[in-house]
Amino acid sequence: MPAENPSADPVRFAYWVPNVSGGLVTSKIEQRTDWGYEYNRELAVLAENNGFDYALSQVRYMASYGAEFQHESTSFSLALLLATQRLKVIAAVHPGLWHPGVLAKLGATADHLSNGRFAVNVVSGWFKGEFTALGEPWLEHDERYRRSEEFIRALRQIWTEDHTELAGDFYRLRDFSLKPKPLNTVERPHPEIFQGGNSTAARAMAGRVSDWYFSNGKDFDGVVEQLADVRASAAQVGRTAPKFGLNGFLIARDTEAEARETLREIVAHADREAVEGFGAAVKQAGQSAADGKGMWQDSSFEDLVQYNDGFRTGLIGTPEQIAERIVAYKRLGVDLLLLGFLHYHEEVEYFGRRVLPLVRELEAQLPYSEPESAPVHA
């Protein structure tokens, strides 16, 4: 089922910044990826020169589940912004551990220093241990999303209005004024606000307040379902629906057999203890959703080896197969692919050289007035 009005804009690409140890799969297979700054600085430059528009810095506050070491997301994002010229960097943050006024100040400064390339991803939280270890209360699932919605409303108001007044359930602001404001550019009036989550509460919140909605990895049917819910939520409050970003782990090889063998080896060498520990933590978090439809609820062991269900998106095969599948997602309404890789430097360059040109060729052939149905390789 294609999008009613597929965007004529080219599909955009983001990558997960490997600013935590362990790589993007919880596996003991060799990963020629490093969580340090020098590696990531080189990667950011490589990515912006190979078709990537965005980078998303991950956030972990303490060692857990294969991520023993972590660089903090906002400071790391600023470092990457200063090392690049065009790349937009999205810093992941947790309401409950950040105050919106403090983040608004940091974001305004980062936006000026980067000439309007800072963005934020509001993460409602799945890891109870991080909150309790820091002495902060752990809210039930839907309450976490209610707090995130209030956080986003506060953030946007601080960034766009001269004086902020908010008497909320989670945040209270009294005649708060921020100067300088972030840059107001032709592309956006303030830093873009991204949000993740697959649950009913997450989809409803995205329609009401977010600029972008990030989904865990999904097949075509899953994308159609989520898009319908998010658009319905936006329509109820008279908003334009947020843009849609989809997570995917990309394995592009010269032959499909090579790509499938790489996936098999990743799963075969999975760090079972870490995967099972992560699975228990995230499923506990999602099970508290009011309707039991939280993230990761139907994720298999194999899905959780890529901890955002990235294998499910099916970006595994030859450059031609992957390009076709990417454009099929675009036809459904996906605006951005958020990608992870096994060996970042080599595979980002391969993507830019072998996959991206095919995507652009296929996009140029799209009949936007009469969208086609999804092709094969589903």
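For the structure itself, look to the data block above.
Calculation rules
Residues numbered from 1 in each chain as written. Predicted model: local features only at pLDDT ≥ 70, side-chain atom pairs only at ≥ 80, totals over all residues. Heavy atoms only, no water. Helix = DSSP H or I, 4+ residues; strand = E, 2+ residues; numbered from the N terminus. Expected span 1.5 Å × (residues − 1). Buried < 20%, exposed > 50% of the residue type's maximum accessible area, 1.4 Å probe, protein only. Polar contact = N/O pair within 3.5 Å; in protein donor to acceptor, adjacent residues only side chain to side chain. Contact = heavy atoms within 4.5 Å. Pairing = 2+ DSSP bridges. Axes fitted to C-alpha atoms, helices over the stretch in contact; angles between N-to-C directions. Core = buried A, V, L, I, M, F, W, Y, C linked by side-chain atoms within 4.5 Å. Parallel < 35°, antiparallel > 145°, perpendicular 65-115°, else oblique. Left-handed = near helix turned anticlockwise from the far one by under 90°. Nonpolar A, V, L, I, M, F, W, Y, C, P; charged D, E, K, R; others polar.

Undergrad: Before we go on, may I ask you to explain helix 11 (residues 319-332) in this structure?
TA: An α-helical segment advances 3.6 residues per turn. Residues three or four places apart therefore align on the same side. Compared with the 20 Å implied by 1.5 Å per residue over 14 residues, the 20 Å span of helix 11 between its first and last C-alpha is a close match. For helix 11, the tally of buried residues reaches 12 of 14 residues, placing the bulk of the element in the interior. Those residues of helix 11 that fall on the buried side of the exposure criterion are P319, Q321, I322, A323, R325, I326, V327, A328, Y329, K330, R331 and L332. At the exit of helix 11 stands G333, carrying a positive phi of roughly 120°.

Undergrad: I keep staring at the side chain of Q31 and nothing clicks. Help me out?
TA: Mapping Q31 onto the fold places it in the loop between strand 1 (12-17) and helix 1 (37-48). There is a polar contact of 3.0 Å between the side chain of Q31 and the backbone oxygen of V25. At 3.4 Å, the side chain of Q31 forms a polar contact with the backbone oxygen of S27. Among residues more than four places away in sequence, those in contact with Q31 are G22, G23, L24, V25, L342 and H343.

Undergrad: What is the right way to read the sheet that holds strand 12 (residues 336-340) from this model?
TA: One key point about sheets: their strands pair by backbone hydrogen bonds, in either a parallel or an antiparallel sense. If you walk around this closed barrel you meet the 8 strands as 1-2-3-4-7-8-9-12, and the pairing is parallel. Averaged over all pairs of adjacent strands, the angle between their axes in this sheet comes to 25°, without regard to strand direction. Taken together, the 5 bridges between strand 3 (residues 88-93) and strand 4 (residues 118-122) define a ladder with parallel strand orientation. Within strand 4, the residue paired with V89 across the bridge is F118. Contacting strand 8 (212-215) and strand 9 (243-249), helix 7 (residues 220-236) runs over the sheet at an angle of about 155° to strand 9.

Undergrad: Honestly, the nonpolar core in this entry has me stumped. Any pointers?
TA: What tends to happen in soluble globular proteins is that the nonpolar side chains get buried as a cluster. Grouped together as the largest cluster of nonpolar side chains are 84 residues, with contacts concentrated most on F13, Y15, F52, I326 and F351. In contact with Y15, other than residues within four places in its own chain, are L43, A44, A47, F52, Y54, A55, L56, L87, L338, L339 and Y344. Among the nonpolar cores identified, the runner-up in size contains 22 residues, and L103, V120, L155 and L178 belong to it.

Undergrad: In this structure, what is going on with the packing of helix 7 against helix 11? I would like to understand it.
TA: The angle between the axes and the distance between the axes are what describe a pair of packed helices. Where helix 7 contacts helix 11, the axes come no closer than 10 Å and their chain directions differ by 25°. On the basis of their axis angle, the class for helix 7 and helix 11 is roughly parallel. As for how helix 7 packs across helix 11, the hand of that crossing is right-handed. Taken together, the residues of helix 11 that come into contact with helix 7 (itself represented by F220, V223, V224, L227 and R231) are R325, A328, Y329 and L332. Split by residue class, the contact of helix 7 with helix 11 holds 7 nonpolar, no polar and 2 charged.

The values reported here are purely geometric and, on their own, carry no functional implication.
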